[in-house]
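# A structural walkthrough
Listed here are the chains, written in short residue letters.
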Amino acid sequence: MSLAEPIDPNRVGELGLEGGEAPGRGLGGPASTRIVVGYGFWIFILSDMVMFSAFFAAYAVLADATAGGPTAKQIFDLNNVALETACLLASSFACGLASLAAGARNRLWFHVAMGLTFVLGAGFLGLELKEFAGLAALGDGPQRSAFLSAFFTLVGCHGAHITAGLAWLLTMMAQVFAKGFRADILRRILCFTLFWHALDIIWVAIFTIVYLIGAGR
Amino acid sequence: MSESHEGGQPHAGDLAPGEERLDGSGVAHGVRGYLIGLALAAGLTAASFYFAGSGLIYGPAIPAALLALAVAQMGVHLVFFLHLTTGPDNTNNVLALAFGILIVTLVIVGSLWIMANLNHNMVPMSRVMQMQR
């Protein structure tokens, strides 16, 4: 490399130094807690997606193993799935608005947006539980066939994540209510929004692979 | 850990995953981003549900079309909701995602490949019964 060339042609190193904070690539010292926490949680989400990929693989392998029981085409109600999808997408959008409100330190809008996120998320969960209860009432529970076992495991695992997310959401609302937008609480809100958006991404895979492709089989 | 100085400039330096760099225009700019993401995601979802039910696409090609739409929608979610960019402040996040995608692909494609192969090479159950007699 000749001396005439700049050492850092893309000016990667300047970003953080201008703002007086370490950029997290070894320049200017260790990254801030916010970046380290967010990155660690991002790694957790990716590992969660790897776990879901195993359930998806199991479902894809077992989708035809109906053991004389109902097939995917017979049990899926696509109108219900469309409604669930709309609820979760709108919930993800409201969650994004909540993160903006947190960024602007606006308590009222934060609570309004988080409340909307909760209502839509709970609506999704209600529709899913209704579907599960309907299947179980017909004797088509997870014990009926390998296909239904894989279906309940995959979709139920996503539902369990949503349930945990709803509990976390209420916790964040209570913490902001009681303690305000402290730095540690803002980090938790960041992690929660990551979690909630990631669950919507997993749902995209579920409604495509399980419901739409399954119903067309 | 000192918490006090962190609240000052949360958007200097690198971005944590899910964070967006809002330059000046602030909340309005952020809302616009989420609205664009919502519109794109809703459009792709509607297209998925429509193509799955209509005879508009050649039957055997429907799963491939639906998978393509799903991948596109995941991309929309990553860009507009999780604010993943190709900028230098996102290098770590994108590299971690790339590794995650590699593992997910290996698990799913590998499982399907191995199980299809085993299925193909397995002696049919009727023949197993005959051999046991």
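Residues numbered from 1 in each chain as written. Chains lettered and ligands numbered in written order. Predicted model: local features only at pLDDT ≥ 70, side-chain atom pairs only at ≥ 80, totals over all residues. Heavy atoms only, no water.

This paragraph deals with empty space enclosed by the protein. Where empty space is left can be seen by rolling a probe of water-molecule size over the atoms. Residues and elements named next belong to chain A. Tallied over the entire structure, the rule returns one cavity of 30 Å³ or more. Size it by volume and the largest cavity reaches roughly 50 Å³. F44, I45, D48, M49, F195, A198, L199 and I202 are the residues that line the largest cavity. Those elements that provide at least two residues to the lining of the largest cavity are α2 (33–62) and α7 (183–215). By residue class, the composition of the lining of the largest cavity is seven nonpolar, no polar and one charged. (1 Å grid on protein atoms, 1.4 Å probe; cavity = no way out; pocket = protein on both sides within 12 Å on 5 of 7 lines; lining within 4 Å. Points joined across faces, edges and corners; volume = space filled by probe spheres on them. Helix = DSSP H or I, 4+ residues; strand = E, 2+ residues; numbered from the N terminus. Nonpolar A, V, L, I, M, F, W, Y, C, P; charged D, E, K, R; others polar.)

Moving on, we get to helix α5 (residues 107–137) of chain A. Residues and elements named next belong to chain A. Spanning 31 residues, α5 covers 44 Å between terminal C-alpha atoms, matching the ideal 45 Å at 1.5 Å per step. The backbone nitrogen of L108 lies 3.2 Å from a side-chain oxygen of the residue at the head of α5, namely N106. Two residues or fewer after α5 comes G139, characterised by a positive phi angle close to 85°. (Expected span 1.5 Å × (residues − 1). Polar contact = N/O pair within 3.5 Å; in protein donor to acceptor, adjacent residues only side chain to side chain.)

Moving on: the layout of surface pockets. Approximately 920 Å³ is the volume attributed to the largest pocket. Lining the largest pocket are 30 residues, and of these A205 and I209 of chain A together with M74, V104 and I108 of chain B lie nearest its centre. Contributing elements (two or more residues each) for the lining of the largest pocket: α2 and α7 of chain A together with α2 (62–81) and α3 (91–121) of chain B. Looking at the lining of the largest pocket residue by residue, the classes come out as 25 nonpolar, four polar and one charged. Each of two domains, domain 1 (1–85) and domain 2 (87–133) of chain B, supplies a minimum of three residues to the lining of the largest pocket. (Domains from an automatic or database assignment.)

Residue and element names in this part refer to chain A. Tallied over the entire structure, the rule returns 20 aromatic pairs over all chains. A ring pair is formed by F41 and W168, whose centres lie 5.6 Å apart and whose planes are at 70°; its orientation type is edge-to-face. One end of the pair, F41, is in helix α2; the other, W168, is in helix α6 (residues 146–179), and 127 residues separate them in sequence. Counting every residue linked through ring pairs, the aromatic cluster contains Y59, F76, F124, F132, F147, F151, F152, W203 and Y211. (Phe/Tyr/Trp six-rings, centres within 6.5 Å; stacked < 30°, edge-to-face > 60°.)

With that settled, the discussion passes to the environment of L125 of chain A. Residues and elements named next belong to chain A. For L125, the position within the fold is in helix α5. Separated by 21 residues in sequence, L125 and A146 place their C-alpha atoms 24 Å apart. Among residues more than four places away in sequence, those in contact with L125 are G159, I162, T163 and L166. (Contact = heavy atoms within 4.5 Å.)

The next thing to look at is the nonpolar core. Most often, soluble globular proteins keep nonpolar side chains buried together rather than apart. Among the nonpolar cores identified, the biggest contains 72 residues, and W42, F151 and Y211 of chain A are the most heavily contacted of them. Looking at this core, the elements with two or more residues in it are α2, α3 (72–75), α4 (78–103), α5, α6 and α7 of chain A together with α2 and α3 of chain B. Ranked by residues supplied to this core, first place goes to α7 of chain A with 21 residues. Sequence-distant contacts of F151 of chain A, defined by excluding residues within four places in its chain, comprise Y59, F76, E131, F132, L135, G156, V210 and Y211 of chain A. A41, L44, V76 and F81 of chain B belong to the second largest nonpolar core, which has nine residues in total. (Core = buried A, V, L, I, M, F, W, Y, C linked by side-chain atoms within 4.5 Å. Buried < 20%, exposed > 50% of the residue type's maximum accessible area, 1.4 Å probe, protein only.)

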